[in-house]
Amino acid sequence: MPPLDSPPPDSAAPSHDGRIADNIVHFARTLRKAGMPVGPASVVDAVRAVELAGIRSREDLYWTLHAVFVRKHDHRVIFDEAFRIYWKSRGLVEKLLSILSPVAPPRTEPDKPKAGQTRVAQAFQATRDRQSQSEKEELEVDARFTVSGRELLQRKDFAQMNAQEIRAAQAELRRMVMPIEKIRQRRLVAAARGRIDPRSTLRATLRTGGAMIALKHRRPDTRRPPIVALCDISGSMSQYTRILLHFLHALTEERRNVHTFLFGTRLTNVTRQLRMKDPDEALIACSQGVEDWSGGTRIATALADFNKHWSRRVLSGGPLVLLVTDGLERDTDEDLAREMDRLHRSCRRLIWLNPLLRFDGFEARAKGVRAMLPHVDEFRAVHSLDAVADLCRALGGESGNGGESTDPRAWLRAADRAERARA
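All figures in this text were calculated on a predicted structure; none of them were measured in a lab.

So, how was this worked out
- Residues numbered from 1 in each chain as written.
- Predicted model: local features only at pLDDT ≥ 70, side-chain atom pairs only at ≥ 80, totals over all residues.
- Heavy atoms only, no water.
- Pairing = 2+ DSSP bridges.
- Helix = DSSP H or I, 4+ residues; strand = E, 2+ residues; numbered from the N terminus.
- Axes fitted to C-alpha atoms, helices over the stretch in contact; angles between N-to-C directions.
- Contact = heavy atoms within 4.5 Å.
- Phe/Tyr/Trp six-rings, centres within 6.5 Å; stacked < 30°, edge-to-face > 60°.
- Buried < 20%, exposed > 50% of the residue type's maximum accessible area, 1.4 Å probe, protein only.
- Lys NZ or Arg CZ within 6 Å of the ring centre and 35° of its normal.
- Parallel < 35°, antiparallel > 145°, perpendicular 65-115°, else oblique.
- Left-handed = near helix turned anticlockwise from the far one by under 90°.
- Nonpolar A, V, L, I, M, F, W, Y, C, P; charged D, E, K, R; others polar.
- Patch = residues over 30% accessible without salt bridge, like charges linked within 9 Å, V, L, I, M, F, W, Y side chains within 5 Å.
- Areas by Shrake-Rupley, 256 points an atom, 1.4 Å probe, with all protein chains shown as cover.
- Salt bridge = Lys/Arg side-chain N within 4 Å of Asp/Glu carboxyl O.

Turning to the sheet that holds strand β9 (residues 378-380), a few remarks are in order. The sheet built from 6 strands is open, its strands ordered β6-β5-β4-β7-β8-β9 with mixed pairing. Two strands lie at the open edges of the sheet, namely β6 (267-269) and β9, each paired on one side alone. Neighbour-to-neighbour, the strand axes of this sheet turn through a mean angle of 20°, independent of strand direction. As paired strands, strand β8 (residues 349-353) and β9 are joined by 3 bridges and run parallel to one another. Bridge pairing in β9 places L353 opposite R380. Contacting β7 (320-324), β8 and β9, helix α17 (residues 385-395) runs over the sheet at an angle of about 165° to β8.

We now examine the packing of aromatic side chains. Tallying each qualifying case throughout the model produces 14 aromatic pairs. Geometrically, the ring pair formed by Y62 and W63 is edge-to-face, given 5.0 Å between the ring centres and 90° between the ring planes. For Y62, a relative accessible area of 16% translates into the label buried. A relative accessible area of 48% places W63 in the partly exposed class. Every member of this aromatic cluster is reached through a ring pair, and the members are F27, Y62, W63, F69, F79, F83 and Y86. Stacked on the ring of W310, the Lys or Arg R313 has its end atom at 4.7 Å from the ring centre.

Our next topic: the sheet that holds strand β1 (residues 183-191). Here 3 strands make up an open sheet; going across it, the order is β1-β3-β2 and the pairing antiparallel. Looking at strand neighbours, the two that pair on one side only are β1 and β2 (195-196), the edges of this open sheet.

This paragraph deals with the packing of helix α10 (residues 238-254) against helix α12 (residues 279-289). Two elements in contact, α10 and α12, have axes separated by 10 Å at closest approach and are oriented at 125°. Taken together, α10 and α12 sit at an angle that is classed as oblique. Read as a crossing pair, α10 and α12 show a hand that is right-handed. Taken together, the residues of α12 that come into contact with α10 (itself represented by R242, L245, H246 and H249) are P279, D280, A282, L283 and S287. The residue inventory of the contact of α10 with α12, partitioned by class, reads 4 nonpolar, 3 polar and 2 charged.

What follows is about the pairing of strand β5 (residues 258-263). Counting buried positions over the 6 residues of β5 gives 6, a clear majority of the element. Residues V258, T260 and L262 line one face of β5 and the alternating positions H259, F261 and F263 line the opposite face, and both faces are buried. In this sheet, β5 lies alongside strand β4 (residues 227-232) in parallel orientation, the contact comprising 6 bridges. Paired with D232 across the bridge in β5 is F263. Sheet analysis places β5 next to β6, joined by 3 bridges and oriented antiparallel.

Turning our attention to a nonpolar patch on the surface. Residues I196, I213 and L215 make up a contiguous nonpolar surface patch of roughly 310 Å² in combined accessible area. Relative to the helices and strands, L215 resides in the loop between α9 (198-207) and β3 (217-223).

Pasting the structure below:
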């Protein structure tokens, strides 16, 4: 058997059945590099499954390997793209079929590339890069006036990251801290200075027999406000929300009054899942507990469910609400504006995080966006590490956002001016 790090062979001898296992091993290594959790046990199961099921067509091989390697819904796209590139481009399926069948099925080429192509393509290129890197001569490069890889990662869009960059971004998000200021409470606590506490002063005086009066003071208590995150997991938002869940997991570990909800066509509370210590186990539990991941979007229905069943439970103590969605609502009627207004009145501060702000020419023209903007306090981007870090700095009282306006009314006025100019 050739080394596992070597690229798959371009040709397979029909008389050598070991080539089947070799190519499955290389295919599994490719899936692992693309970000799928494929271990040695899965490779052994895949080889045995192919031997028992047999290979009569390309579809049989696809679904046999799919049944072994794909264990999560979001792995389907990566597996489909890896299978298309690995087996179809090299014609390995026809060569494997020639071992078990005298006639190979005709080849069909896809009409257009599918999702996940960037991550899978890099997984194929990783082996060739390591081989070519050993043959290159060392060059001294003056990088004083170049942009470092860390700076590029900070500005890079989450949707354009490959598997390695996603892991680095997840680790960076777990290290971020949200320095939210403390708010005053009605409850009074003992303090060295402040207003005089008559009861405590009288009790202290009685303990000394009235010989001396020791004044006791009290002041309003301060504490960090609760945080409630409402995250969209529809098809256009799933990749952003999945990465932001690492940030919310770290935030949940830092403070206990953090509540996280996911919504697509329905609302799901994943606060308990995010309280798991291991971040990978927490995200797996979130994925298993959500049935509408990467589906449609019904923002008004989800907000109505939250306002009716959860607002009184979690929106106490002046919470900060983070609404993570692109605002592309299927049903844009008065219900969305009404539910947004109710949510805004129930919290101390409502911040809308929208990845569409990464586009320079973004305008608040969609009906869902225009219905939601009047009822939020801030309108911010959330497409990169810099955007999340800027949010943390703003909540800590520092200036940021690179001069871009976060006032939702400014976005509405800009959209109105653009419509009048086009008219």
